[in-house]
Amino acid sequence: MSDGRGPKPKNMFEIMTSECRFVHLRIKGGILNHMMKRFISCFSPCVLPALVSLLLSVSLQAQDIPTDPAVISAGEALFNGNCKTCHRVKTKLIGPALAGVETRVPSVKWVFDWVRNPAKVIASGDEYANKIYGEYNKSQMTAFSSYKDEQILSILAYVKAEAAKVEAAPVAAAGGAAGGGSAVPTAYLDTILVGMIIILVLLVIILALIVNALRRFLNQRDLSEEDREVVNSPITFASVSRSPGFIFLVIFIVGTITFKSVIDGLYSIGVQRNYQPKQPIAFSHKIHAGQYEIECKYCHTGAMKGKQANIPSPNMCMNCHSQIKEGTNTGAGEIAKIYAAVGFDPMTSTYTGVTKPIEWVRIHNLPDLAYFNHSQHVNVAGVVCQTCHGPIEEMDVVKQYSVLTMGWCIDCHRKTDVNTKGNAYYDKLVELHSTAGKKAMKVEDIGGLECAKCHY
Ligand code: HEC
Ligand code: HEC
Ligand code: HEC
Ligand code: HEC
Ligand code: HEC
Ligand code: HEC
């Protein structure tokens, strides 16, 4: 704290008096109280400023930020719920990385004022506030006017605890990456394979021992010359492979495998369930639709209005990515591909005019003979995307969740009630339908099984 910025006298005084109040509380009512007052009045002119600046640098920076785990976890919840959209602890997002913030800002009290009303702090002409405001292209931080001091302190406590993990984190992350995903099942499979090989080798050894024992036993008997030859004939690969048992076994195994793959193949012609191609940009629904809860319709604008749901254009990505230049998982590499597509120079934040489309690989695709309309299902019927597309918001890479066969469409049309509420179009139909004695009106009752509805 001995740099140019230094504590302003006004602040010092505030701190001083609050420290005194603290002391008073502790020794309240005793003679000590009186002595303390005298002590302070004697020493205050020279000693107190020094004492206070010492307290400022030690207590405000370190002591005032709690280390209690309960406070830290309360802070974590607040941070994740309200600050994470714009701040990360160790990396820059829309706002600065908050690690070490307590050592940068003028005072902890400054953070209280800032979080409750950043605009006011900036407007007051505060030097530091205006400096960061400029650095972050004058993006306005949200005000959290209802936050109490303790809540803000708990966020700082969380940030500080999280920042302290700096050394350990990369190691853990690397370990996690290597051990996570497909690595676990593979390791598991390997163990099983190794186990099976060991068992096989043991079996061969045991069999060899048994053969040996039998041979020795038979040799002790009185055998004819012919029998003795048979007993002592060596076991060679040739003798085994010529035996009828072995030939039968090989034919059986090969036959079964062929049969099964032919059957599987026949059943899956044209069915692309679980199709999960690699996309040109590692775009993750888990991050966008899951973690950041961006609405599906924000990007797939056609789903409510027409046949196609539509894949968003790269210009739409720029609504956010003109600011967000790095991702937690892939750094700047993947987001740079958006910039290449729209012709954006992230260093100067200008457009070059050279564009190039992103070639997304289409995943869901009905044959041309079938007609499917999104708005009919999403808008009119009120079916949610996940019914047909699965938990997209948990997928890093999208895969086809449903089989998309005719049977699948028909099956749902047989089972699903028509969403008739608030739809005048259906009023007459519902009336007719209920006089016919049926309760719910299924899609099949409105012609959902007619060939021409789905086939051109
Ligand atoms: C809408 C985005 C946004 C949200 C949400 C947000 N901030 Fe900020 N924050 C910013 C920006 C941007 C700055 C940089 C200054 C500026 O441009 O106003 C900033 C600056 C700060 C600073 C000063 C950092 C420094 O390095 O000096 C602190 C402290 C801070 N924010 C705390 C918080 C806390 C705590 C929360 C949650 C309760 C929060 N912010 C939520 C955008 C946000
Ligand atoms: C930030 C924009 C964005 C949001 C939000 C978003 N998507 Fe997407 N979606 C895309 C992009 C880009 C693609 C193409 C790349 C891919 O397949 O990952 C895509 C692909 C898809 C596909 C596969 C399309 C095909 O080729 O068959 C489906 C299905 C899908 N999204 C459904 C959803 C659902 C459901 C939600 C909401 C839970 C959602 N999306 C939210 C941008 C978005
Ligand atoms: C509404 C805002 C918004 C839109 C629109 C948006 N993104 Fe993002 N994107 C984000 C946020 C927030 C992150 C997370 C940054 C992080 O990881 O810290 C992100 C991260 C990413 C990442 C990096 C992921 C990682 O963790 O490394 C990629 C790649 C990406 N987005 C691609 C796209 C593409 C392609 C589009 C357009 C189809 C798009 N984004 C549209 C907000 C958005
Ligand atoms: C009733 C089932 C169903 C529902 C509900 C549904 N989809 Fe689809 N979706 C499909 C089918 C079937 C296709 C393939 C269409 C084709 O090939 O013509 C598809 C294709 C897509 C595609 C890629 C091709 C295109 O049409 O642009 C995207 C993106 C998509 N859906 C997003 C969504 C989103 C977002 C929602 C929710 C708002 C949603 N879907 C709701 C069945 C559904
Ligand atoms: C999740 C259940 C569900 C699935 C799966 C589904 N549909 Fe539907 N479909 C509905 C509902 C509900 C309606 C009734 C919409 C309305 O009120 O008009 C409907 C209506 C329709 C209609 C209009 C029928 C009419 O008489 O007006 C067509 C065409 C249609 N679906 C085609 C398809 C096709 C093609 C598929 C398969 C690719 C499919 N649907 C898969 C639920 C489904
Ligand atoms: C609810 C929508 C729907 C209705 C109703 C419907 N179909 Fe289909 N049909 C489809 C879809 C979707 C496919 C494509 C399935 C695929 O690609 O596996 C299809 C495929 C087909 C095929 C081609 C099969 C193939 O393997 O390529 C034929 C033939 C067919 N339908 C005939 C009919 C007849 C006849 C009727 C009336 C009795 C009918 N469909 C009613 C949705 C429907």
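Residues numbered from 1 in each chain as written. Chains lettered and ligands numbered in written order. Predicted model: local features only at pLDDT ≥ 70, side-chain atom pairs only at ≥ 80, totals over all residues.

**Side note on the overall build of the protein**
In terms of helices and strands, the protein carries 23 helices and two strands. Looking at the protein as a whole, 11% of its 456 residues qualify as buried. Of the contacts formed within the protein by residues at least 6 apart in sequence, a portion of 64% connects residues at least 24 apart. (Helix = DSSP H or I, 4+ residues; strand = E, 2+ residues; numbered from the N terminus. Buried ≥ 20, exposed ≤ 12 C-beta atoms within 10 Å, placed from the backbone. Contact = placed C-beta atoms within 7 Å.)

**Examining the site of ligand 2**
In the vicinity of ligand 2 lie 21 residues, with Cys296, Cys299, Ile363, His364 and Cys385 positioned nearest. Within the residue set of the shell around ligand 2, elements represented by two or more residues are helix 15 (285–291), helix 16 (296–299) and helix 20 (385–389). (Near = placed C-beta within 6 Å.)

**Some thoughts on the site of ligand 5**
Around ligand 5, the structure places 24 residues, and the nearest of them are Ala381, Cys409, Cys412, Gly447 and Lys453. Elements with a minimum of two residues in the shell around ligand 5: helix 19 (374–380), helix 20, helix 21 (406–415) and helix 23 (451–454). Sorting elements by how many residues they give to the shell around ligand 5 places helix 21 first, with four residues. Residues of the shell around ligand 5, tallied by class, amount to 15 nonpolar, eight polar and one charged. (Nonpolar A, V, L, I, M, F, W, Y, C, P; charged D, E, K, R; others polar.)

**Regarding the packing of helix 4 (residues 69–83) against helix 9 (residues 149–164)**
Packing of helix 4 against helix 9 leaves a shortest axis separation of 7 Å and a crossing angle of 95 degrees. Judged by the inter-axis angle, helix 4 sits roughly perpendicular to helix 9. Packed against helix 4, whose contacting residues are Val71, Ile72, Ala74, Gly75, Glu76, Leu78, Phe79 and Cys83, the element helix 9 presents Gln151, Ser154, Ile155, Ala157, Tyr158 and Ala161 at the interface. For the contact of helix 4 with helix 9, a count of residues per class yields ten nonpolar, three polar and one charged. (Axes fitted to C-alpha atoms, helices over the stretch in contact; angles between N-to-C directions. Parallel < 35°, antiparallel > 145°, perpendicular 65-115°, else oblique.)

**Description of the confidence of the model for the protein**
Of the residues in the protein, 79% reach a pLDDT of 70 or more, and the chain-wide mean stands at 79. By mean pLDDT, helix 10 (residues 168–179) is the weakest element of the protein at 40, and helix 20 is the strongest at 94. Residue range residues 38–62 is modelled with pLDDT below 50. Its contacts to residues more than four positions away, or to other chains, number 19 contacts. Of the regions scoring below 50 in pLDDT, residues 169–184 engages in two contacts with residues more than four places distant in sequence or in other chains. (pLDDT = per-residue confidence, 0-100.)

**Here we look at helix 4**
Compared with the 21 Å implied by 1.5 Å per residue over 15 residues, the 20 Å span of helix 4 between its first and last C-alpha is a close match. Regarding helix 4, the residues found buried are Val71, Ile72, Gly75, Phe79 and Cys83. Considered in projection along helix 4, the buried side chains sweep an arc of 95 degrees and stay on one side of the axis. Opposite the packed face of helix 4, turned more than 90 degrees from it, sit the exposed residues Pro69, Ala70, Ala77, Asn80 and Gly81. The inward-facing, buried residues of helix 4 contact helix 9. (Expected span 1.5 Å × (residues − 1). Arc of directions from axis to C-beta.)

**Re the nonpolar core**
Counting 19 residues, the largest nonpolar core has Ile152, Ile155, Leu156, Ala157, Tyr158 and Val159 as the members making the most contacts within it. Elements represented by at least two residues in this core include exactly helix 4, helix 6 (108–116) and helix 9. Looking at this core element by element, the count peaks at seven residues for helix 9. With near-sequence residues (within four places) excluded, isoleucine 155 lies in contact with Gly75, Leu78, Phe79 and Cys83. (Core = buried A, V, L, I, M, F, W, Y, C linked by C-beta atoms within 7 Å.)

**Things to note about the environment of serine 154**
Tracing the chain through its elements places serine 154 in helix 9. Distance in space between the C-alpha atoms of serine 154 and aspartate 68 is 9.2 Å, their sequence separation being 86 residues.

**What about unusual backbone geometry?**
Despite not being glycine, asparagine 310 shows a phi value in the positive range, around 75 degrees. With respect to the secondary-structure elements, asparagine 310 resides in the loop between helix 16 and helix 17 (314–321). In this structure, serine 349 takes a positive phi of about 55 degrees despite not being glycine. One can find serine 349 in the loop between strand 1 (344–345) and strand 2 (350–351).

**Topic: helix 9**
For helix 9, with 16 residues, the first-to-last C-alpha span of 22 Å sits near the 22 Å given by 1.5 Å per residue. Within the sequence span of helix 9, burial applies to Ile152, Leu153, Ser154, Ile155, Leu156, Ala157, Tyr158, Val159 and Lys160.

**Brief notes about the packing of helix 17 against helix 18 (residues 333–342)**
Angle between the axes and distance between the axes: these two values describe a pair of packed helices. In the contact formed by helix 17 and helix 18, the axes pass within 10 Å of each other and the chain directions differ by 125 degrees. The angle between the axes of helix 17 and helix 18 places the two elements in the oblique class. The handedness of the crossing between helix 17 and helix 18 comes out as left-handed. Packed against helix 17, whose contacting residues are Pro314, Asn315, Cys317, Met318 and His321, the element helix 18 presents Ile335, Ile338, Ala341 and Val342 at the interface. (Left-handed = near helix turned anticlockwise from the far one by under 90°.)

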